[in-house]
Amino acid sequence: MAPIFYRDNTDGAATAAQPQNEHEPTQPYVDLNASRHSFADLLRESGLEASLYLPRSKTEGNLSSSDSCNINISEEAKAAVADFALQLKFWGKSCFDEEAFNMLLDDIGYTRSRDGLFDDLLEDVAYADPKFDVSSRSISVDNMCQMYASEPYRVPEQAVFNNGEALMSFVEALFRKSDVTGDNVLDYDEVKQLLRSLLGSEPTQEMVDEAFKALDVDGDGQVNFEEFKSFMLKANVNDFSTLSSDFNESMLSPSHSSDLEFVTELEKYCKSHRGVNHHLLQNLASGAFGKKETADLLLRFLSAYSKFNSNFIANIKALLGMLDNLHHIEVLSENLEEEMGQYDEETLIEGEKMGIRRESIAGIPHRQLFIELVELLETKLARSYSKFIPDYICEKLTHAIEESTKHGKLGLLAILYFGSELIVPQIYSYILDGLRLSMGLTNEEAKFLILHIDMDKDHADALREIIVDNCRTKAERLVLVKCTRLLLDARVNFYDSVLKYGSEMSEPMFNINTVDICCFSDIASRANVLDMCRDHIEGSVVLDVGCGAGHLSRELLNIGATKTVGVDISSAMIDAANAHPAKSRTEYYVVGDAAQLKLELLSTTNQTNLMPGAGFDMGVFDITVASFLFNCMSVTEMNQCISDIHSLVKPGGHFIFIVPHPSFNCGRGKESRNYFADRDRLSEQQINDDLRTNAYSKILQDYTDAVISNGFEIVQLEEVRTTSTATNLIVKLRKPSETVGRNNANALTMLPKKLTWSKAAMKHPRNAFIVNIPVEVKQELYAAALNAYEDGIKIDRAKAPRRRSMGSRQESLDAAGYFPVDSFAALRSFSVTVRNCLLHETGLVLLKGLDLDTFSALDPLADPDQVVACSKLAYYIICSHIGTVDGSARGKLFDVKNNNIDAMDGKNDNVLFSVSDCEASWHTDGASKDKVYDCVGLLCINPSSVGGKSKISNACNAFDKVENALPKFLMHELTRPVPRDILENGKGRGNDNFGTQLSRTESIMHLRISYNSYPIYVTKKDRIRFRYMRHWIETAHQKVHWRLPTMLRIAMDVLDDTLTEGCCFYERLERGDILICNNSCVAHGRDAFQDVPGKPSRHLVRAWMQVQGVDLYKASKR
């Protein structure tokens, strides 16, 4: 084994040091005195104030307790210092000398070599504080404070680094420096200047050519900032959901739900949507506006409705032309006949019983009945709105129908069923109730509505039958869901627009008065908002939605926030905020619509230095505030805004908003107002004696429903009377630390359940972990994989089928959506058992019994490549039933085999252990902060000839044992953010092109690594996440020129030894074995191996799976 070299700090002599045991990875030579950019230098180059983020001690001399440690360190570090002081007391020591150090190692059962270990700890302190006297051979509490304030500890905790602001700022500064002409794009010569800055030397023409080609993504001959930023940052994030959080995305996979289950779930989504239960419909049904106004609003509603429902029959006819199933054509033709007024005798008799004359409906198309209803209302009210309906009312609904129609048969099914037949009985019931209350309509007069409410169920059932037969693949289901959501959201917009139209016509409106901002201050209760923030403000990153000119943002910075991002729809307000003379470098203001908050922030990351990573999904802000925002938004807009805020606030973070109190008079010069009738109507409101504005009226339930349905907890409500005419409501909310119950919580936002192993399980691992694949499951897999192979189906690159009957579709297919769900009846049941083991029982499953040679037996002409391809297909089908296979980083399946690259060689940067034959120490998969995987699977196609044994240990058991053994200040090393090396997506075989090298230059890597910091263990009650590979922690420290802290080394030594001690599975996988681990609870590793000439090379296939979302749906069904 090659020796490790360290640079002696006194005379520069290099000395060799051997690893402490055979499992400890080697480290390349690192010169700790080498000239480098410090993080303070990088901050200054980025235009940020370094001293603000990397504080030094404000006191001198030794301190006796952590209470005296006047250094800005994290609360967790302060707790560690306090525990360090307590341990000194237990040892009877005033300082931590070598005797106390050895007491510590004895107490924790440290069995590795101690040679030079205490000297290394002294060097850590000297590294943190140049004034430290190493010759004293003792460490005080104050010295520990200093060490916790040093870069290796403080940088990963600093918001400016861990939220990506430093990296974003540096990338922007680098771009601006290279943009000599100032035209916001880089040409060829400017890219050459960029390389000079990054490399510190003159680049070759080949380098410039390759860099320019890599950066110019769109090929237009220049590099804009968006291209430059994306290339340099390489943000690795969980995919943002394109669906509503109310619809479980696991239902899209035929592997996890039957066709009928999918349709039932989508029906449930529709019936609970605000497009069916909008407050306008409820108010119309109850006559909340008063008889006259309700009747008037109903006429406007129906007059507008007639603008887009005229194409219903045309859509049915178009769908008929696309169907090839004769039964489907028959039942849909019957629907069309009824739409044209051709009823059977039974229907006519039923109508007569309800008071509807048969001659008034027989032979009359439904469209004509609707026109007669509108004309009847116009006659009764002596007015007509048909020619005066503004275009904006139907614009989005018309657009939604047009867009859905582009998807052919599936889009038309969504329009006719989910967007119409399924939901109109409920919608028309609201309308009918309102007409009866306000105008006393008879059944004869309301026959159009009654036909659809009481006598139209057969229409819906017929369409449902067609849909169940047309949602066999994930692609088909996705179209249905997206079109349905588009249509329902458009209905909500239609209702909102009708309300707006009614407000415009009912009384004149007033523009907001232009007043001095102090008028708002008089009634804004800003002091109360600041008081609610005060307990959480220190060091926080704040989002100010509806920030205006930035007054609240500046006050929050003054009381302890480190960064604020303000969003306002008014460009004039944002200009004023940015032009304010007191604006600091940590204030950012952008123009944006709060109703599309997340999208607006994603599109303005260049202006706000928000890292476009997982923070937009799992939380990037500690606090969000909104002052007098929601009174300027409709209920629909407010709901969307609060949903986005929930996504943007960190778990445990807070959201505080203030609005005019909904239960008190808000103006119009009246003593009182109609609390329910004015709901969501835009009206002029008198704020105080001098200020009036337009606002949407709301009831208290609108606010409570919005915050609770979007996952917030209500912490505090405060009612504040500011003037004789103004009362405000201030609400403080908290985002729960755990999001277990969220419908589409992804792997990052949901902390997995802690799974420990009993002694019995560890003594009898074959009984605990081995599961034999049932015969009927294997039969399904063999047949499916062979058929898929013959049809040319591949996992990551699909093509259209050649043989199987799949209709005339030509779109790309993949194995996940290729087979109807009834092809795997046995596998579906079996996968539930496996998933339950992985998430709720042991966290480890070794599947036995898959005979890969069966593929050659079934096809005598099969060659070895065909056997491998069929084996992968069978493996993928299993994995896709257990969870959702994640292909975002390295493809859905990754070949784990030796590519003759040594991952341990320090010269080989960006090399995965899975392409190397060297030992892989204890680890979990995935080194990116922004990407985690619930489970990792390994299929053995060829076992190794020499070595290559797999080893498994329970990280939860290890945590309990280590936590019991280590004092809290040492345990802090395993629970604080620790930097990890950066591994690029792809094949993991090193930096095989200059483009990759460009984003891995030293200064960029320093900041990428500082962003990529997270704890080894995160725990919360009975939940845990373990993310570990020692090698990537060590190489990360080396690349940023940090000493690997001795306390971290000791803690990892204890952790590694505990995992080794708890290893109860240590054997070579056999051909056909499938090993699946819970990637948050189970650590795995493998021995080094050798491929022997003349024998098959070791070949495993890895799959990363997201499983918790699937389990959430199954749990809800239980």
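Refer to the structure above for everything that follows.
The model shown is predicted, which means the values in this text are computed figures rather than measured ones.

What counts and how
Residues numbered from 1 in each chain as written. Predicted model: local features only at pLDDT ≥ 70, side-chain atom pairs only at ≥ 80, totals over all residues. Heavy atoms only, no water. Helix = DSSP H or I, 4+ residues; strand = E, 2+ residues; numbered from the N terminus. Buried < 20%, exposed > 50% of the residue type's maximum accessible area, 1.4 Å probe, protein only. Contact = heavy atoms within 4.5 Å. Areas by Shrake-Rupley, 256 points an atom, 1.4 Å probe, with all protein chains shown as cover. Patch = residues over 30% accessible without salt bridge, like charges linked within 9 Å, V, L, I, M, F, W, Y side chains within 5 Å. Salt bridge = Lys/Arg side-chain N within 4 Å of Asp/Glu carboxyl O. Lys, Arg positive; Asp, Glu negative; His and termini not counted. Charge placed at Lys NZ, Arg CZ, Asp CG, Glu CD. Phe/Tyr/Trp six-rings, centres within 6.5 Å; stacked < 30°, edge-to-face > 60°. Lys NZ or Arg CZ within 6 Å of the ring centre and 35° of its normal. Core = buried A, V, L, I, M, F, W, Y, C linked by side-chain atoms within 4.5 Å. Disulfide = S-S within 2.5 Å. Pairing = 2+ DSSP bridges. Axes fitted to C-alpha atoms, helices over the stretch in contact; angles between N-to-C directions. Parallel < 35°, antiparallel > 145°, perpendicular 65-115°, else oblique. Left-handed = near helix turned anticlockwise from the far one by under 90°. Nonpolar A, V, L, I, M, F, W, Y, C, P; charged D, E, K, R; others polar.

Looking at this structure, I do not really get the overall build of the protein chain. What am I missing?
Secondary structure assignment for the protein chain yields 48 helices and 32 strands. Counting every position in the protein chain, which comprises 1118 residues, the buried fraction comes to 57%. Summarising the internal contacts of the protein chain: among those between residues at least 6 apart in sequence, 75% fall at separations of at least 24. For the protein chain, the exposed area adds up to about 44,900 Å²; of that, 50% sits on carbon and sulfur atoms.

Any chance you could explain a negative patch on the surface here in plain terms?
Judged by side-chain charge, Glu330, Glu334, Glu337, Asp344, Glu346, Glu350, Asp454 and Asp458 come together as a negatively charged surface patch. Secondary structure elements with two or more residues in the negative patch: α17 (326-339) and α18 (345-353). Looking at the negative patch element by element, the count peaks at 3 residues for α17. The topology assignment puts Glu346 in helix α18.

Quick question: what am I supposed to make of the packing of aromatic side chains here?
Each aromatic ring pair is described using two quantities: the centre-to-centre distance and the angle formed by the ring planes. One pass over the structure, following the stated rule, counts 32 aromatic pairs. For the ring pair Phe84 and Phe96, a centre distance of 5.4 Å and an interplane angle of 75° mean the geometry is edge-to-face. Residue Phe84 is located in helix α3 (residues 75-91), and its partner Phe96 is located in strand β3 (residues 96-97); the two are separated by 12 residues in the primary sequence. For the pair Phe84 and Phe96, one class covers both residues: buried. Taking 6.2 Å as the distance between ring centres and 70° as the angle between the ring planes, the aromatic pair formed by Tyr305 and Tyr428 counts as edge-to-face. In this pair, Tyr305 is assigned in helix α15 (residues 291-305) and Tyr428 in helix α22 (residues 424-439), connecting sequence segments 123 residues apart. Each member of the pair, Tyr305 together with Tyr428, is buried. Feature note: the residues Phe301, Tyr305, Phe370, Tyr428, Phe448, Phe494 and Tyr495 constitute an aromatic cluster, connected by ring pairs. Over the ring of Tyr1014 we find Arg1027, and its NZ or CZ is 4.1 Å from the ring centre.

Sorry if this is basic, but what is going on with the nonpolar core here?
What tends to happen in soluble globular proteins is that the nonpolar side chains get buried as a cluster. Core analysis: the largest hydrophobic core is formed by 96 residues, its most contacted members being Phe96, Tyr148, Leu974, Tyr1017 and Leu1055. The element that contributes the greatest number of residues to this core is helix α47 (residues 1046-1061), accounting for 8 residues. When neighbours within four sequence positions are excluded, Leu1055 is seen to be in contact with Ala958, Val962, Leu974, Ile1016, Tyr1017, Phe1026 and Tyr1028.

How should the state of the cysteines be read in this particular structure?
Disulfides are covalent bonds that link the sulfur atoms of two cysteine residues. Throughout the structure, instances matching the rule amount to 0 disulfides. We note that Cys956 lacks a disulfide partner, and the nearest cysteine sulfur, in Cys1081, lies 3.7 Å from it.

For this particular structure, what's the right way to read the pairing of strand β7 (residues 541-545)?
Consecutive side chains of a regular strand alternate in pointing toward one face of the sheet and then the other. In terms of burial, β7 is largely enclosed, as 5 of its 5 residues are buried. Residues Val541, Leu543 and Val545 point to one face of β7 and Val542 and Asp544 to the other, with burial holding for every one of them. Of the pairings in the sheet, the one linking β7 to strand β8 (residues 563-568) comprises 5 bridges and is parallel in character. By the bridge assignment, Val541 is partnered in β8 with Lys563. Bridge analysis of β7 against strand β10 (residues 621-627) gives 4 bridges, and the strand direction is parallel. Its bridge partner being in β10, Val542 is matched across the sheet by Ile623.

Help me understand the pairing of strand β23 (residues 950-954) in this model?
Counted residue by residue, β23 has 5 buried out of 5 residues, so it is predominantly covered. Of the two faces of β23, the one lined by Ser950, Ile952 and Asn954 and the one lined by Lys951 and Ser953 are each fully buried. With 3 bridges joining them, β23 and strand β28 (residues 1065-1067) adopt antiparallel strand pairing. For Lys951, the partnering residue across the bridge sits in β28 and is Tyr1066.

Would you mind showing me how to read the pattern of salt bridges here?
Note on pairing: side chains with opposite charge can pair once their charged atoms come close. Enumeration over the complete set of coordinates arrives at 56 salt bridges. The closest approach of N and O atoms between Asp106 and Arg114, which form a salt bridge, is 2.8 Å. Residue Arg114 is classed as partly exposed on the basis of its relative accessible area, which comes to 26%. Here Lys380 ties to Glu445 by a salt bridge, and the two come within 3.6 Å at their closest N and O atoms.

How should the environment of Lys177 be read in this particular structure?
Following the sequence through the fold, Lys177 ends up in helix α9 (residues 165-178). The class of Lys177 is exposed, set by a relative accessible area of 57%. Sequence-wise, Lys177 and Glu190 are 13 residues apart; in three dimensions their C-alpha atoms are separated by 9.3 Å.

Even after reading the chapter, I still don't get the packing of helix α42 (residues 955-965) against α47, so can you show me in this structure?
Two numbers describe a pair of packed helices, the interaxial angle and the distance between the axes. Where α42 contacts α47, the axes come no closer than 9 Å and their chain directions differ by 125°. Relative to α47, the element α42 lies oblique. Handedness of the crossing formed by α42 with α47: right-handed. Together, Ala955, Ala958, Lys961 and Val962 of α42 and Val1054, Leu1055, Thr1058, Leu1059 and Glu1061 of α47 make up the contact between the two elements. Tallied by class, residues from the contact of α42 with α47 come to 6 nonpolar, 1 polar and 2 charged.

Would you mind showing me how to read the sheet that holds strand β20 (residues 920-923) here?
Strands in a sheet are paired, the pairing made by backbone hydrogen bonds, and the direction either parallel or antiparallel. Read from one edge to the other, the open sheet built from 4 strands follows the order β20-β30-β23-β28, with strand pairing classed as antiparallel. Each edge of the open sheet carries a strand with a single partner, namely β20 and β28. Strand-to-strand twist in this sheet, taken as the mean axis angle between neighbours without regard to direction, amounts to 10°. The strands touched by α42 are β23 and β30 (1082-1086); relative to β23, the strand with the most contacts, the crossing angle is about 50°. Those strands touched by α47 are β20, β23 and β30, and its axis lies near 90° from that of β20.

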